[in-house]
Amino acid sequence: MKAARRKPQWFGGSDSAHLRSDAEAMAARGAHRFGALLLLVLAAMALAMLAWTRFSYVDDIARGDARVVAAGPNTIVPAADAGVVNAILVTDGDKVAAGQPLLRIEASLSKAAIDQKRAPLYALAARAARLAAEAEGKEEITFPDEVRRNAPHAADQETATFRDRLRLQKDELATLLQLAAQKGQQLREAQSMLARLEARLRLNRAAESGICGAYRDGTASFAECQTAQRVSIDAAGQVENVRRGLPKAEAALRDAQQKAEEKRGRFWAAARSELNETEARIAALRTQKHKETETTVLR
């Protein structure tokens, strides 16, 4: 039996169309891969360019004219005090920082400006003069000449304060001194009474001695002697009572006098303490530069 011979088939018809679609698909995939590769290469080049511009240096320098324009309005820096400029520490175009000295001026303050700057010092000096008068128990204040000349108003104010405080002190002391005077009067009255009673006692004892002597001589009765003795005993009792009350009266007087002195001492001590504080403040102010001519640096 013979095998049937197979005839060769040529490309055509449906088979050829199928082959063409496969070829187009392969071409499209190749183009896509090429585009992705190209995009990756461009991205790598861009990154390399950025890295180069960041870490590399260019020796070439580009020069050109420029003009600086302030973002806001120009600021005028005023001087702290009026005066004449004797040194300019910067030049046009210099870059300055905050707090950097710009100018040095020779201040020439007017007398009114000087007095205004020294007004606190004058006021403290006037207060110190008033406190010194209070601490020393004076009736008047002695102000420094500069205070009377440059700050008469401060002197008048301190004088009024001094008089008010002195009047208040005297009023408070008057009550205590009046009490001390009463105690002193009571003590003097007790001492005077004691002297009178002691004198009467001496007379009574003399009378007793005479009457009782007469009784022993038979010229006076026993009753008369007893009466004279009782009078002497009563007088001696009165003398003893008054004598016992004297220490109490003396103690009351000393207590009243001590209270008055303590009140006066507290007033003086308070004035002295305020005076020390005021003098310390004056010393601190004098160390500052409040002079008619002073060197000022404008920053």
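The structure displayed is predicted, hence computed values, not measured ones. (Residues numbered from 1 in each chain as written. Predicted model: local features only at pLDDT ≥ 70, side-chain atom pairs only at ≥ 80, totals over all residues. Heavy atoms only, no water.)

Draft legend 1. Representation of the overall build of the protein in the model. The helix and strand inventory of the protein stands at 5 helices and 3 strands. The secondary structure elements of the protein, listed N-terminal to C-terminal, are α-β-β-α-α-α-α-β. The burial tally for the protein puts 22% of its 299 residues in the buried class. Here the analysis covers contacts within the protein between residues at least 6 apart in sequence; of these, 72% occur between residues at least 24 apart. (Helix = DSSP H or I, 4+ residues; strand = E, 2+ residues; numbered from the N terminus. Buried < 20%, exposed > 50% of the residue type's maximum accessible area, 1.4 Å probe, protein only. Contact = heavy atoms within 4.5 Å.)

Draft legend 2. Up close: the state of the cysteines. Going through the model one piece at a time under the given rule, you end up with 1 disulfide. The disulfide partner of Cys212 is Cys225, and the gap between their sulfur atoms is 1.9 Å. Here the disulfide of Cys212 and Cys225 is right-handed, its torsion about the S-S bond being about 95°. One end of the pair, Cys212, is in helix α4 (residues 152-217); the other, Cys225, is in helix α5 (residues 222-286), and 13 residues separate them in sequence. Across this residue pair, the class does not change: Cys212 and Cys225 are buried. (Disulfide = S-S within 2.5 Å.)

Draft legend 3. Expanded view of the nonpolar core. Core analysis: the biggest nonpolar cluster contains 13 residues, and Ala126, Ile141, Phe143, Val147 and Phe162 have the highest contact counts within it. Among the elements of the structure, α2 (111-135) and α4 are those that each provide at least two residues to this core. Per-element accounting of this core gives the leading share, 5 residues, to α2. Those residues in contact with Ala126 that lie beyond four places of it in its chain are Phe143, Val147, Ala154, Ala155 and Glu158. Leu187, Leu194, Leu246 and Ala249 belong to the second largest nonpolar core, which has 11 residues in total. (Core = buried A, V, L, I, M, F, W, Y, C linked by side-chain atoms within 4.5 Å.)

Draft legend 4. Region of interest: the side chain of Glu208. By the element assignment, Glu208 lies in helix α4. We note that Glu208 is buried and unpaired, the nearest opposite charge coming from Arg205 at a distance of 5.7 Å. A distance of 2.9 Å separates a polar atom in the side chain of Glu208 from a polar atom in the side chain of Ser232. Non-local contacts of Glu208, meaning those with residues more than four positions away in its chain, are made with Ala228, Gln229 and Ser232. (Lys, Arg positive; Asp, Glu negative; His and termini not counted. Salt bridge = Lys/Arg side-chain N within 4 Å of Asp/Glu carboxyl O. Polar contact = N/O pair within 3.5 Å; in protein donor to acceptor, adjacent residues only side chain to side chain.)

Draft legend 5. Region of interest: the pattern of salt bridges. Summed over all chains, the structure comprises 13 salt bridges. The shortest N-O distance in the salt bridge between Glu240 and Arg243 comes to 3.8 Å. Note that Glu240 and Arg243 are positioned in helix α5 at a spacing of 3 residues, about one turn of the helix. Judged by its relative accessible area of 31%, Glu240 is partly exposed. When salt bridges with common partners are traced through the structure, they connect Arg130, Glu134, Glu158 and Arg165 into a single cluster.

Draft legend 6. View of α5. With 65 residues, α5 extends 96 Å from end C-alpha to end C-alpha; this agrees with the ideal 96 Å at 1.5 Å per step. The sharpest bend along α5 reaches about 25° and sits at Leu246, with the proline Pro247 one to four residues further on. (Expected span 1.5 Å × (residues − 1). Bend = angle between axes of the 7 residues up to and from the residue.)

Draft legend 7. Layout of the packing of aromatic side chains. Evaluated as defined, the whole model comprises 1 aromatic pair. With a centroid separation of 5.4 Å and an interplanar angle of 55°, the aromatic rings of Tyr215 and Phe222 are classed as tilted. When its relative accessible area of 42% is taken as the criterion, Phe222 is described as partly exposed. (Phe/Tyr/Trp six-rings, centres within 6.5 Å; stacked < 30°, edge-to-face > 60°.)

Draft legend 8. Broad picture of the side chain of Thr278. Position of Thr278 relative to the elements: it lies in helix α5. Side-chain polar atoms of Thr278 contact the backbone oxygen of Glu274, separated by 2.8 Å. The contacts of Thr278, once residues within four sequence positions are left out, are Leu124, Arg127, Ala128 and Leu131.

Draft legend 9. View of α4. Taking 1.5 Å as the rise per residue, α4 with 66 residues should run 98 Å; its terminal C-alpha atoms sit 94 Å apart, in good agreement. Of the residues flanking the end of α4, it is Gly218, one or two places downstream, whose phi is positive at about 90°.

Draft legend 10. Molecular detail of the confidence of the model for the protein. The predicted model of the protein averages 78 in pLDDT, with 73% of residues at 70 or higher. Note that residues 1-13 has pLDDT below 50 and, in this model, 2 contacts with residues that lie over four places away or in other chains. (pLDDT = per-residue confidence, 0-100.)

Draft legend 11. Seen up close, the packing of α4 against α5. Axis separation between α4 and α5 bottoms out at 7 Å; the angle between their running directions is 165°. The orientation of α4 with respect to α5, classified from their angle, is roughly antiparallel. The two elements α4 and α5 meet at a crossing, and its hand is left-handed. (Axes fitted to C-alpha atoms, helices over the stretch in contact; angles between N-to-C directions. Parallel < 35°, antiparallel > 145°, perpendicular 65-115°, else oblique. Left-handed = near helix turned anticlockwise from the far one by under 90°.)

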